[in-house]
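These are the residues of each chain, in order.
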Amino acid sequence: MSLIPDPHIGWLNGWIPIALLGLTDGIVFLLFPRDVVQRLFDRSGWPKKKVILTVISKVVALGCLILLIFSPIKSYRFLFPLGLSIVVLGLVGMVVALINFKNTPPGEPVSRGIYKISRHPQIVMSSLVLLGACMMVGSWAALILLISARVLGHFSILAEEQVCLKTYGQDYRKYMDQVPRYFLFF
């Protein structure tokens, strides 16, 4: 791996896993009812400070995406197949998480399927896709930007959980006590 790969526009760049994630999300969103998609992106009730930190995390994530888009995919001995496997796992997990979200009736906390093992599987799965892409292009800088974006994004997750506590009360508190935030930890 290198800090910053030699950037250039090419057909075999890190844009491929990013495009697959966007295509996966786009197809799923087109198939979902409009109210489900609106619930996915609802930020009402968030404190202003959390919204600002979320925007900052999105800007840092954009830096990671730009670096990935212009970085060629490398065929390192073990990083490419490992990165590709992580991308596929993330894409499949994202579809499962979105379907679980869709199938939960409004007015109930999402706690079925993959949500039984993580309170935020969509975040985890999109992070896996980007982690795999970072490995496929072999960029430490992209990885550092991804980690920075996700650390900053943690504050938006905390805001989301506060809104869920206000909305669902004890049901969500019980869910928080039983299910970790990010799969095996927290």
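The sections below set out a description of the structure shown in this document. (Residues numbered from 1 in each chain as written. Predicted model: local features only at pLDDT ≥ 70, side-chain atom pairs only at ≥ 80, totals over all residues. Heavy atoms only, no water.)

### Regarding the pattern of salt bridges
Phase 1 of the analysis: Inspection of every chain in the model, using the stated rule, returns three salt bridges.
Phase 2 of the analysis: Of the charged contacts in the structure, one is a salt bridge between Arg-112 and Glu-108, with a shortest N-O distance of 3.3 Å. (Salt bridge = Lys/Arg side-chain N within 4 Å of Asp/Glu carboxyl O.)

### With respect to the side chain of Glu-161
Phase 1 of the analysis: Mapped onto the secondary structure, Glu-161 falls in helix α6 (residues 140-168).
Phase 2 of the analysis: Overall, Glu-161 belongs to the buried group, its relative accessible area being 2%.
Phase 3 of the analysis: At a separation of 2.8 Å, a polar atom in the side chain of Glu-161 contacts the side chain of His-120.
Phase 4 of the analysis: In contact with Glu-161, not counting residues within four places along its chain, are Arg-119, His-120, Tyr-172, Met-176 and Arg-181. (Helix = DSSP H or I, 4+ residues; strand = E, 2+ residues; numbered from the N terminus. Buried < 20%, exposed > 50% of the residue type's maximum accessible area, 1.4 Å probe, protein only. Polar contact = N/O pair within 3.5 Å; in protein donor to acceptor, adjacent residues only side chain to side chain. Contact = heavy atoms within 4.5 Å.)

### A word on the packing of helix α1 (residues 15-31) against helix α4 (residues 79-102)
Phase 1 of the analysis: Where α1 meets α4, the closest approach of the two axes is 10 Å, and the angle between their N-to-C directions is 15°. Considering their axes alone, α1 and α4 lie roughly parallel with respect to each other. Between α1 and α4 the crossing geometry is right-handed. Seen from α1, the contacting residues are Pro-17, Leu-20, Leu-21, Thr-24, Asp-25, Val-28 and Phe-29; seen from α4, they are Val-87, Leu-91, Met-94, Val-95 and Leu-98.
Phase 2 of the analysis: Tallied by class, residues from the contact of α1 with α4 come to ten nonpolar, one polar and one charged. (Axes fitted to C-alpha atoms, helices over the stretch in contact; angles between N-to-C directions. Parallel < 35°, antiparallel > 145°, perpendicular 65-115°, else oblique. Left-handed = near helix turned anticlockwise from the far one by under 90°. Nonpolar A, V, L, I, M, F, W, Y, C, P; charged D, E, K, R; others polar.)

### With respect to the packing of α6 against helix α7 (residues 170-178)
Phase 1 of the analysis: Two numbers describe how α6 lies on α7: the axes approach to 6 Å, and their chain directions differ by 135°. The orientation of α6 with respect to α7, classified from their angle, is oblique. Contact residues: α6 offers Glu-161, Cys-164, Leu-165 and Tyr-168, while α7 offers Gln-170, Asp-171, Tyr-172, Arg-173 and Met-176.

### Some words on the packing of aromatic side chains
Phase 1 of the analysis: By the definition in use, this model includes two aromatic pairs.
Phase 2 of the analysis: Geometrically, the ring pair formed by Tyr-168 and Tyr-172 is tilted, given 6.4 Å between the ring centres and 35° between the ring planes.
Phase 3 of the analysis: Judged by relative accessible area, which is 22%, Tyr-168 ranks as partly exposed.
Phase 4 of the analysis: Classification of Tyr-172 as buried rests on a relative accessible area of 4%.
Phase 5 of the analysis: Ring centres 5.5 Å apart and planes at 55° place the aromatic pair Tyr-172 and Tyr-175 in the tilted group. Here Tyr-172 pairs with Tyr-175, and both are found in helix α7, just three residues apart, close to one helical turn.
Phase 6 of the analysis: One aromatic cluster in this structure is built from Tyr-168, Tyr-172 and Tyr-175. (Phe/Tyr/Trp six-rings, centres within 6.5 Å; stacked < 30°, edge-to-face > 60°.)

### So, α7
Residues that lie three or four places apart on an α-helix share one face, since the helix turns once every 3.6 residues.
Phase 1 of the analysis: All of the buried residues along α7 are Tyr-172, Tyr-175 and Met-176. Angular distribution of buried residues about the axis of α7 spans 100°; they occupy a single face of the element. Counted as exposed and oriented over 90 degrees from the buried face of α7: Gln-170, Lys-174, Asp-177 and Gln-178.
Phase 2 of the analysis: Those residues of α7 that are buried are in contact with α6. (Arc of directions from axis to C-beta.)

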